[in-house]
Structures are given as structure tokens and as C-alpha cells.
Amino acid sequence: MTQRASSADTAFEVADRLRLAEPWEVFAERSRRYEIHLNGGTVEMVRGPIELEGFALRVFRFRDGNVGIGFQASTDLSDEGVRLAASDSESLATFSQFPAKTLELPGPVPSGSQGVEVCDAQLWDQPMQRLEEYVHALLASFDGKRDVVPSFGSVRATLAETTLGNSAGLRVAYPHTSIEREFAVKALEGPEGSPPGEYWVNDICRRLDAAGLPAQVEEWCAYARDARRAALAPTGELPVLLPPSTLVEILPPVIGSRWTGVARLREMSPPLGEKWGWEELSVTDDGRVPWGVGSSPVDDEGSPRRRTELLSRGEVTELLYDVPHAGAFDTQSTGNAARGVALFNRDWRRFLTAPVLSSSTLIVSPGKGGTDAELIESVGDGLWVQQLGAAFPNPYSGAFGGELRMGYRIRHGKLAEPVRGGTVGGFVAAPPGRSSLLSDVVGIGSTPSLVEGVHTPTLLIRSLTVAGR
Amino acid sequence: MGDLSEFEAELIRALTRLGRRTRFAEVLAQSVEGELVRLDRRSTSVRKSPRLKGAVLRAWNGGRWVEAAMSALDAEAVGRTTEALETSLWNTTAVSEPPGVSSSFRGEWTTLPPHPMRDVPPEELISLGRDVLSWGMAVPAIHDVRVEIAWNDEERFYLNTAGARCHQLLSRVREAVAPVAMENGRLESDVEGEGGMGGRERLALLTQEKVTEAAQNTVKLLRASPPPTGEMAVLLDPRCTGVFAHESFGHGTEADQFVRDRSYLKPILGKVVAPEFVTIVDSGAYPGEWGSMYFDDEGYPAQRTALVDRGRFVGALHDRVTAAAYHVRPTGNARRSDFLSRLFVRMTNTYVEPGDWSLDELVREARDGVLLEHPTMGIEDPQGGQMQIKLRRGRRIQHGELGDVVSSMALSGKVLDFLRSIRGVSRRSDFMMDPGSCGKGLTDLLPAGSGGSYLLATAVVGPA
């Protein structure tokens with residue numbers, strides 16, 4: 001994998017045609033997308049190229065101590081298209097109102113600034129060929145397996161060239177790749193009378209890694225087999241181990257909204273200096289993690305990505321800001337503006353949405369809990385939550401939880417019988433004195449891994465409410 | 001009608017080119033116009049929908065479907081994309097016929113709201129939003145109120161090599177009010193929303209009485225008890241019944257899951273799965289609702305499809321491929337979330353038909369359990385037959401009476417067990433449809449309505 005320069009200039013071409021009195025910003029992307037859809041072990045549909053090129057314009061109009069932000073996205077790159085988008089943005093800026101007296105748009109990126117690895121060069125050069133090879137390797141990983149088969153799935157690759165320009169002189173361009181995988185495996189044999197067991201994987205990453213597939217497929221197959229013999233979860237308060245695959249659904253929606261200027265503006269952010277987490281728990285946001293799905297050289301307003309310490313040994317230390325919210329509090333952007341952040345995933349058509357404040361990669365500092373096996377041993381009796389139906393936390397109340405899709409009882413310090421069905425839930429974050437996931441962490445593993453928007457080890461939670469039989 | 005027909009000649013040229021290389025090709029062009037007004041205590045924003053139009057070409061290459069899409073409709077873009085698809089058609093030696101019957105429907109359909117939203121100036125929507133904000137903020141302990149008013153006019157234009165020509169313009173509007181209550185650092189939020197086809201006349205939720213009630217209900221969550229835990233009688237409110245219909249017999253009856261041999265429902269088609277008073281329907285032809293439409297994205301008209309008829313599982317949702325596999329007609333459920341996304345079998349408006357119980361009778365029948373209100377999301381497991389529904393709030397049912405408010409929770413259970421446990425469904429006067437956003441997996445979101453009235457059954461619930 002090597003770094004790659006972008007040849008796109010969409011935003012710059014649009015910028016050169018703008019005649020605006022107010023500060024402005026152009027974010028553009030030229031994307032190609034390729035998809036292979038599977039039905040069982042056969043290719044059901046091939047899609048691509050799906051071509052999309054367009055831009056989004058923001059105009060900032062200051063009046064009465066506020067700024068009006070006008071946003072318009074368009075795929076019409078003609079002179080008339082640019083003129084219409086500019087006219088819309090100016091008009092919408094007069095209706096909008098945001099409490100910032102000034103805004104500091106990012107200026108030119110200093111020469112010599114380091115890039116960040118977000119582009120799979122091999123995929124970039126031969127997208128459909130690489131995708132076909134990857135799917136072939138995926139299906140080949142099932143060779144010789146008689147009891148587990150592919151159920152359905154898709155692999156969708158997006159190759160995008162992002163360009164950004166603004167009235168402060170910013171001109172930046174970079175290419176990036178992203179891959180969305182959806183794949184289900186089905187176990188067919190097992191105890192008499194049980195329906196097939198399925199394990200469903202849904203993730204986003206930056207590069208195709210065919211070499212890692214055999215081990216992943218083995219793991220998915222094991223979960224599918226166990227799904228056939230899983231029993232309903234018990235009812236009660238249990239110590240719970242949450243691995244990265246579960247934490248990725250739980251941490252970003254709450255920390256990425258409460259630890260921000262958005263929450264501060266609405267007086268909902270945790271006060272700096274307060275103790276909201278266990279004394280050994282530290283969480284940092286980092287937009288420069290290699291191959292992180294939230295990583296890039298600059299954020300989606302052009303501010304350099306950086307590290308921001310959000311929780312240090314349990315104490316709230318910093319919040320995340322984009323340009324408008326930094327302007328509201330007379331502080332600096334932390335480079336956390338993101339486009340295409342959708343309900344359950346990241347939308348590849350990023351220029352169609354205005355930037356919002358979002359965490360990039362949340363890094364939970366490794367602890368002294370050791371490997372997952374050592375953490376399990378330390379629990380004695382409890383529950384391992386491999387997959388939730390959907391944790392879907394409420395960013396205001398912090399409540400999270402949902403159906404247990406795949407888990408294991410822990411008995412005598414070892415993983416025991418699989419469990420499936422019933423619910424697991426609690427609160428992600430709460431003020432001091434109230435029980436929450438962050439405050440009830442009692443063990444942190446030593447071996448973190450990167451799963452989409454988190455880089456974290458497994459966390460041991462003192463207890464969560466489990467509802468089942 | 002919109003302006004996509006301006007590109008008809010170019011699109012027909014593309015189909016004619018593809019028709020020389022394939023037995024079947026189709027094109028779906030789409031454009032959207034709309035606006036979103038969003039307010040809270042600190043900010044106001046007005047957004048227009050992206051100026052986005054484009055088309056997707058699909059062709060049968062003798063062995064499978066191939067597709068290509070473009071975000072411009074000029075001759076150069078259409079030509080380039082057609083050429084890319086032609087290349088895919090060359091790279092095959094397969095010669096089979098495309099599965100199923102190609103639509104040859106022709107028609108023009110337009111939603112005609114009495115008060116089109118495009119005629120409402122942004123100033124009027126902002127003013128309405130500020131009224132809503134002030135009504136909500138007047139309730140003690142309300143910390144903020146988020147107000148959203150959105151509309152879009154969506155144009156879809158479908159042509160194929162079998163002669164179909166379907167052109168429709170759909171006008172949708174929705175509103176949502178989300179009060180946030182705060183006390184001693186504890187935050188709670190709730191959402192009230194409505195939506196459907198139409199215009200300004202559909203903004204019925206935005207009255208002082210309804211907004212005040214929504215805010216007062218949110219404040220009650222600050223003092224809500226934790227929900228009960230375990231298996232118990234559950235009384236679903238009309239919205240929750242709709243989510244149940246959608247997650248249980250909606251996704252499970254999307255017949256692509258049958259073809260993939262991935263639905264636990266496939267082997268029991270034709271069997272009795274619920275009490276005789278339970279009927280579950282999907283209908284894209286339901287007048288004026290959020291998931292309604294005139295034709296689907298294969299050019300078939302929307303229709304009413306009974307999934308469970310008086311307790312018996314009788315039908316599934318089909319596109320042309322799955323319909324061919326099951327020797328039935330397509331049901332008008334082939335949908336793309338947009339021209340950039342692939343086509344799947346999808347729901348439209350899915351609901352449980354009303355029964356003949358009153359709410360009071362159902363509460364008495366439940367005796368002890370919980371009333372589940374305000375679903376936030378649901379998720380299905382077509383293979384394992386599980387479902388999950390998350391809810392913002394509920395109320396205890398004790399000794400046959402409604403009791404204290406309880407905080408957010410999740411329902412979990414096996415769909416077939418849940419169906420068998422249904423004890424009653426309330427009357428038509430309680431029936432309502434709710435606008436929702438439905439994904440296939442976690443992607444390809446599109447508008448889907450869900451509805452019902454109160455429904456009493458048994459399931460596992462717990463905090464979430």
C-alpha cells in the first residue's frame with residue numbers, strides 16, 4: 001500500500017467561478033463505486049461503475065452577533081449549476097442562524113504536512129478486478145466446509161477524490177477508499193430440530209485484506225454453529241464483557257455527541273474536570289489513525305485532524321469542535337467535522353450532506369486486564385456480548401441496549417454455553433454519582449483492536465441488566 | 001409533472017443501444033427537490049435538498065443482472081455509462097432469458113396536495129417552528145425542543161425495452177418535535193412525528209395542544225422508573241404495533257429472503273401462524289401514506305398484499321425475480337432507495353389490521369405487564385426468526401390498570417411465539433400509520449410506513 005496523490009480539482013474549479021462577498025467553502029467529491037452482491041455462494045449482481053461527482057457550497061453571512069450558514073449541494077458543475085448553488089446558499093444563509101460572532105475557516109495546509117493512510121492503492125488502480133479477487137477469496141474460504149455455507153452478502157467499494165477550498169485560501173485534495181461488507185454465514189447441521197444458525201457481519205473499512213479472510217471466516221462459522229444451540233439469556237444483573245465489536249455500536253453515538261461543542265451549546269456536555277469514568281479509563285479521539293474509517297488528512301471543513309483527549313483517568317478533559325461551534329466558544333476546531341455520517345453507517349455520498357460534529361476514531365487506552373482469555377478468567381461468572389441486534393444508544397439520556405444476537409455465558413472463568421435472545425442494556429454515560437458504563441468499568445484489556453470508529457480493548461463492566469428467561 | 005421526461009430521448013437511445021446486446025434493459029431516472037427547516041433553542045437552519053438527478057441502467061447479461069449509474073443526464077454521461085454497461089454485456093457467454101415477466105405498464109401519476117409545500121415560503125415554516133419551540137419551552141423542566149419540518153417532491157421515470165413507461169411525482173411531508181427535559185444533570189428526550197403524502201395540510205401535529213402534551217410526557221420520563229424485566233404481557237401502542245408488523249412479517253416475507261433460503265417463514269407459507277383475528281398487510285396503494293407510491297422500480301403498479309390473512313400466512317412480497325421463482329405475479333415491491341442504489345424487494349406500508357377490543361379491555365386483559373410506547377427502531381432476524389423493538393417509554397400495567405411511566409426498554413422475542421401469544425387488537429379508532437425509514441441490512445434507507453392499533457401479546461422486555 002502506498003500513498004497516492006489526487007488528480008481531482010472539482011472544488012477548485014467551482015471555487016474559481018464563485019463571486020461571493022461573504023466567506024465560503026466548497027467541498028467536492030468525485031466518486032466511483034463498484035459492488036458485488038452474493039446469493040449464497042454465487043454472484044447475484046455486479047454493479048459499477050456508479051459515478052458520482054458533485055460539490056457542496058457553504059456561505060457564511062454574519063449579522064447581529066450570529067452567523068447564517070447557507071448550504072447547497074449539487075451535481076450540476078456547469079456555470080449555471082454553480083451560479084444556482086451559490087444563489088441558493090446565499091439565500092439560505094439569510095434564513096439560518098447560529099450563535100457564533102466569528103468563524104475561523106482553516107487556511108492553506110502547511111507544506112510538508114503528513115498524509116494519513118486511507119487509500120488502498122491496489123484497489124484504486126484495478127477496482128473491479130480486486131473486488132472480484134476478494135469475493136473469490138471470501139467464497140474459497142468456505143471450501144471443504146460441509147456444515148456452514150455463505151448465506152448472502154455484498155462487498156461495495158468506493159473510490160473517492162475529495163477536494164476542498166475556501167475563501168481563506170485553503171486548497172486541499174486527497175484520495176481515499178472505503179469498503180462496506182455485509183455478509184452472513186449459515187450453519188446447517190447440528191442438534192436435531194434446530195433451525196439454521198446465522199451470523200451476520202456488517203462493517204466498513206478502508207482496504208481490502210484478502211489475507212485475513214480465512215481466519216475471519218472460521219470465526220464467523222463458529223458463531224453460526226453456536227447460534228444453532230444457543231439458549232435464551234438469563235435474567236438478572238451480571239458482570240459483562242464488551243469486546244470492540246460491541247463497543248463500536250455503543251461508545252461513538254454517545255461520546256461523539258455529548259463530548260462536543262454541540263452539546264456544550266445546549267448545556268448538555270459533561271463539565272470539564274468532572275469524574276464521569278472509572279479512574280483507569282482514558283479515551284482519546286484521533287482522526288489520524290491509519291486506515292481508520294474516520295481518518296483523513298483534514299476533516300470535512302479542511303481543519304487538520306488531530307488527537308483530542310476526552311477522558312483522562314475518568315476525568316472529562318476536552319470536547320470536540322468543528323468551525324461553527326469553535327466560533328461560538330472562541331476556541332479552535334479540533335478537526336471533527338464529518339459529512340455522510342448516517343444513522344447506522346457512513347454514507348459514501350458525502351458531499352450531499354452538511355458537515356456535523358462527530359468523533360473520528362475513539363481510542364480507549366489499553367489497561368492491565370490482559371488478553372480476552374485473562375479477562376474472562378477474572379470474571380468468574382458473567383456474560384460475553386459478542387453482538388447486539390442494535391445497541392442504538394440515546395445520545396441524550398445515554399441509555400443503550402438491545403437484543404443479544406450472540407453471546408456466551410461465562411462460568412468458572414471460561415466461556416461456556418452460547419446465548420441468544422433477551423436484552424442487555426444500561427447507560428453509557430451519566431453524571432458523577434449515577435451508574436453508567438463509563439463509571440462501572442472494572443477491567444480494561446491490554447490488546448486493543450481497530451473496529452470502524454473505535455480502537456479499544458475489551459471492557460469489563462461491573463454489571464448490566466440482562467433480561468431473558 | 002417534473003422535468004425528467006426532457007431526457008427521454010437520451011434514455012431511449014441508451015435502451016436501444018443496450019437492446020442490441022441484451023434481451024432486456026431498463027432505466028430508472030430520479031430527481032428530488034425539497035426543503036428541511038430545523039430549529040432548536042440556539043439555532044435555526046434551512047436546507048434545500050441537493051440539486052441531484054441521475055439514472056441507473058440495468059440489463060440482463062444472460063446469466064445475471066449488471067448495472068451502472070450516473071449523476072448527470074446529458075448525452076455524454078448517458079453515453080459513457082451505456083458504454084460501460086455494454087462492456088459488461090460483452091463479457092459473458094450465458095444466454096438465459098431474464099427471470100420473470102417484464103412490465104409493459106404505461107402511465108403518468110402525480111400527487112396533487114391541496115396546499116403544496118413548495119408554495120410555502122421558508123419564513124412561514126420558520127415562524128411555525130418558532131411557535132412550536134415556544135410552546136414546548138413553556139413546559140417546566142423542558143431544556144430544549146428540536147423541531148423539524150421537511151418536504152420533498154420526488155420524481156421517478158421508468159422505461160424498459162418491453163415498452164413500459166411509468167412517470168410519477170410523489171410529494172411527501174413530515175414533521176417531528178423532540179423535547180429534551182433536564183433535571184439534576186439527568187437528560188431525557190422523546191420524539192413525536194407524523195408524515196405522509198401531501199402538503200401543508202399534513203402538518204397536523206404542530207398544534208399547541210399536541211406539542212405541550214409531548215413536552216409534558218418527556219418531563220415525566222425524568223421521574224420514570226426502570227422498566228420491568230423478563231417475560232410478561234406486553235401491550236403495544238399503535239406505532240409499536242406497526243414496527244412489529246414491519247420487523248416480523250415485513251422483512252421475513254420479502255421473498256428475496258425466500259430465494260436465498262434465508263427466511264424462517266418460507267417453510268410455513270400457507271400455515272396458521274396467529275389467532276384468527278390477526279391480519280397483516282403491506283400496501284403501497286394505501287392512500288396518502290409515507291410509503292405509498294404508484295409504481296415500483298420495475299414498472300409494476302403498487303398494490304395491497306395480504307401477508308397474514310385471519311391468522312393464516314398467505315403471501316409474500318415480490319419483485320420479478322422472486323415472483324418467477326414462486327410462479328406468482330410481482331407485487332409492486334421492487335424498490336431502490338435512489339438511482340445510486342440497487343433494487344431489492346422492499347416493504348411499502350406494512351400494518352396490522354384493527355381488531356374489536358377497546359384499549360381499556362386490553363389493559364384489563366393484560367392484568368400485569370407493560371404498555372410499550374414510542375418505538376425508536378426495530379431490527380429483524382429473518383433467518384433465526386427473532387425480532388427486537390426499542391422504545392423510549394412505557395407504562396406499568398398492574399391489576400388491570402395503567403400505572404407509572406417507565407423509561408426506555410427493548411422488546412425481544414421469537415416472532416412466531418409472539419404471534420401465537422397475541423390476545424387482542426384494538427379498534428379502527430386507534431389505528432394510525434407512522435412514517436419510518438427502512439434499511440435493507442444497514443443500508444439503502446427508504447421511506448416505509450408502518451401502522452396498527454393497540455395489540456396485546458407476551459414477550460421479553462428489559463432496559464435499553
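What counts, and at which threshold
- Residues numbered from 1 in each chain as written.
- Chains lettered and ligands numbered in written order.
- Predicted model: local features only at pLDDT ≥ 70, side-chain atom pairs only at ≥ 80, totals over all residues.
- Heavy atoms only, no water.
- Helix = DSSP H or I, 4+ residues; strand = E, 2+ residues; numbered from the N terminus.
- Rg over C-alpha atoms; globule rule 2.2 N^0.38 Å.
- Buried < 20%, exposed > 50% of the residue type's maximum accessible area, 1.4 Å probe, protein only.
- Core = buried A, V, L, I, M, F, W, Y, C linked by side-chain atoms within 4.5 Å.
- Contact = heavy atoms within 4.5 Å.
- Buried area = accessible area lost by both parts, 1.4 Å probe.
- Salt bridge = Lys/Arg side-chain N within 4 Å of Asp/Glu carboxyl O.
- Polar contact = N/O pair within 3.5 Å; in protein donor to acceptor, adjacent residues only side chain to side chain.
- Nonpolar A, V, L, I, M, F, W, Y, C, P; charged D, E, K, R; others polar.
- Pairing = 2+ DSSP bridges.
- Axes fitted to C-alpha atoms, helices over the stretch in contact; angles between N-to-C directions.
- Parallel < 35°, antiparallel > 145°, perpendicular 65-115°, else oblique.
- Left-handed = near helix turned anticlockwise from the far one by under 90°.
- Phe/Tyr/Trp six-rings, centres within 6.5 Å; stacked < 30°, edge-to-face > 60°.
- Lys NZ or Arg CZ within 6 Å of the ring centre and 35° of its normal.

**Observations concerning the overall build of chain B**
Here comes step 1: Regarding its fold elements, chain B presents nine helices and 24 strands.
Here comes step 2: At 24 Å, chain B has a C-alpha radius of gyration in line with the 23 Å of a compact globule built from 464 residues.
Here comes step 3: Seen through its C-alpha atoms, chain B measures out along the principal axes to roughly 70 × 55 × 35 Å.
Here comes step 4: Burial statistics for chain B: of 464 residues in total, 65% are counted as buried.

**With respect to the nonpolar core**
Here comes step 1: By size, the foremost hydrophobic cluster in this structure holds 45 residues, and its most contacted members are Val234, Phe244, Ile280, Leu372, Leu411, Phe418 and Leu419 of chain B.
Here comes step 2: Setting aside its immediate chain neighbours within four residues, Val234 of chain B contacts Val370, Leu372, Leu411, Phe418, Leu455, Leu456, Ala457, Thr458, Ala459 and Val461 of chain B.
Here comes step 3: Ranked by size, the runner-up nonpolar core spans 44 residues in total, among them Trp276, Leu281, Leu320 and Val364 of chain A.

**Looking at the interface of chain B and chain A**
Here comes step 1: Of the residues lining the interface, 78 residues belong to chain B; the matching set on chain A comes to 75 residues.
Here comes step 2: When chain B packs against chain A, the two sides together hide about 6600 Å² of surface, and 52% of this comes from carbon and sulfur.
Here comes step 3: Sorting the residues of chain B by area buried against chain A places Arg42, Arg51 and Leu442 of chain B first, and these three jointly supply 11% of that buried surface.
Here comes step 4: Taken together, chain B and chain A are joined by 13 salt bridges.
Here comes step 5: Between Asp144 of chain B and Arg266 of chain A there is a salt bridge, and its shortest N-O distance comes to 4.0 Å.
Here comes step 6: Here chain B is connected to chain A by 40 residue pairs in polar contact (both at pLDDT 80 or more).
Here comes step 7: The element that contributes the greatest number of residues to the side of chain B that touches chain A is strand β4 (residues 65–70) of chain B, accounting for six residues.
Here comes step 8: Grouping the amino acids of the side of chain B that touches chain A by side-chain chemistry returns 28 nonpolar, 21 polar and 29 charged.
Here comes step 9: Examined bridge by bridge, strand β2 (residues 42–63) of chain A and β4 of chain B share four bridges and lie parallel to one another.

**A closer look at the sheet that holds strand β23 (residues 443–452) of chain B**
Across a sheet, paired strands are connected by hydrogen bonds in the backbone, their directions being either parallel or antiparallel.
Residues and elements named next belong to chain B.
Here comes step 1: Read from one edge of the open sheet, six strands run β13-β12-β11-β16-β23-β22, paired in mixed fashion. Two strands bound the open sheet, and with one partner strand each, they are β13 (312–313) and β22 (432–440).
Here comes step 2: In the sheet, strand β11 (residues 280–283) pairs with strand β12 (residues 304–309) via four bridges, with the strands oriented antiparallel. Note on β12: the bridge partner recorded for Asp282 is Thr305.
Here comes step 3: Together, β11, β16 (349–352), β22 and β23 form the strand contacts of helix α5 (residues 238–248), whose direction differs from that of β23 by roughly 125°.

**Let's talk about the packing of helix α3 (residues 122–137) of chain B against helix α4 (residues 208–222) of chain B**
Residues and elements named next belong to chain B.
Here comes step 1: At their nearest, the axes of α3 and α4 sit 8 Å apart, and the two run at 45° to each other. Taken together, the axis directions place α3 and α4 in an arrangement best described as oblique. As α3 packs across α4, the resulting crossing turns out to be right-handed. On α4, the residues touching Val132, Trp135 and Gly136 of α3 are Gln208, Val211, Thr212 and Ala215.

**With respect to the pairing of strand β8 (residues 283–286) of chain A**
Two faces make up the sheet, and in a regular strand the side chains alternate between them.
Residues and elements named next belong to chain A.
Here comes step 1: Alternating positions in β8 separate into two faces, Val283 and Asp285 on one and Thr284 and Asp286 on the other, with burial throughout.
Here comes step 2: Bridge count for β8 against strand β9 (residues 307–312) is four bridges, and the pairing is antiparallel. Along β9, the bridge assignment pairs Asp286 with Arg307.
Here comes step 3: Note that β8 and strand β13 (residues 362–364) share three bridges and pair antiparallel. Across the sheet, the residue bridging to Asp285 is Leu362, located in β13.

**With respect to the environment of Arg420 of chain B**
Residues and elements named next belong to chain B.
Here comes step 1: Along the chain, Arg420 falls in helix α9 (residues 415–420).
Here comes step 2: Under the relative-accessibility criterion, Arg420 is labelled exposed at 55%.
Here comes step 3: Remark: the alpha-carbon pair of Arg420 and Thr458, spanning 38 residues in sequence, is separated by 9.0 Å.
Here comes step 4: Filtering out sequence-adjacent residues up to four positions away, Arg420 remains in contact with Val273 and Pro275.
Here comes step 5: Within the structure, Arg420 has its side chain in polar contact with the side chain of Asp417 (distance 3.0 Å).

**Description of unusual backbone geometry**
Here comes step 1: Cis geometry marks the peptide bond from Gly48 of chain A to Pro49 of chain A, where omega comes out at 0°.
Here comes step 2: Here the phi dihedral of Asn184 of chain B falls at roughly 50°; this positive angle occurs in a residue that is not glycine.
Here comes step 3: Tracing the backbone through its elements, the reader meets Asn184 of chain B in the loop between β7 (165–183) and β8 (186–189).
Here comes step 4: Look at Asn184 of chain B and you get exposed, because its relative accessible area is 77%.
Here comes step 5: The phi dihedral of Arg367 of chain B falls on the positive side, at around 65°, and the residue is not glycine.
Here comes step 6: Topologically, Arg367 of chain B is positioned in the loop between α8 (359–366) and β17 (369–381).

**Re the side chain of Gln386 of chain B**
Here comes step 1: Relative to the assigned elements, Gln386 of chain B resides in strand β18 (residues 386–398).
Here comes step 2: Among the polar contacts listed, one links the side chain of Gln386 of chain B to the side chain of Glu403 of chain A, at a separation of 2.8 Å.
Here comes step 3: A polar atom in the side chain of Gln386 of chain B sits 3.4 Å from the side chain of Lys414 of chain B.
Here comes step 4: Discounting residues that sit within four places of it in the chain, Gln386 of chain B has contacts with Glu403, Arg405 and Gly421 of chain A together with Glu380, Asp381, Ser412, Gly413, Lys414 and Val415 of chain B.

**A short note on the pattern of salt bridges**
Any two side chains of opposite charge can pair, so long as their charged atoms come close to each other.
All names here are of chain A.
Here comes step 1: Counting across every chain of the model gives 72 salt bridges over all chains.
Here comes step 2: In this structure, Arg225 and Asp147 form a salt bridge, with 2.4 Å as the shortest nitrogen-oxygen distance. One end of the pair, Arg225, is in helix α5 (residues 213–229); the other, Asp147, is in the loop between α4 (127–140) and β4 (148–166), with 78 residues separating them in the sequence.
Here comes step 3: On the basis of relative accessibility, which here comes to 19%, the residue Asp147 falls in the buried class.
Here comes step 4: Between Arg307 and Asp286 there is a salt bridge, with the nearest N and O atoms lying 3.3 Å from each other. With Arg307 in strand β9 and Asp286 in strand β8, this pair connects stretches of sequence that are 21 residues apart.
Here comes step 5: Taking relative accessible area as the criterion, Asp286 reaches 9% and is therefore assigned buried.

**Overview of the packing of aromatic side chains**
Here comes step 1: Overall, the coordinates contain 16 aromatic pairs over all chains when judged by the stated rule.
Here comes step 2: Aromatic pair Phe24 of chain B and Trp65 of chain B: ring centres 6.1 Å apart, planes at 80°, arrangement edge-to-face. Here Phe24 of chain B, found in the loop between α1 (8–19) and β1 (25–39), pairs with Trp65 of chain B, found in strand β4; they are 41 residues apart in sequence, far enough to count as distant.
Here comes step 3: For Trp65 of chain B, a relative accessible area of 5% corresponds to the buried category.
Here comes step 4: Between Trp60 of chain B and Trp65 of chain B, the ring centres sit 5.1 Å apart and the planes meet at 70°, which makes this aromatic pair edge-to-face.
Here comes step 5: Members of the aromatic cluster, joined through ring pairs, are Phe142, Phe183 and Trp220 of chain A.
Here comes step 6: For Arg32 of chain A, the ring lying beneath its charged end belongs to Trp124 of chain A, and the centroid distance is 5.4 Å.
Here comes step 7: In this structure, Arg434 of chain A is placed above the aromatic ring of Phe427 of chain A, and the distance from its NZ or CZ to the ring centre is 5.4 Å.

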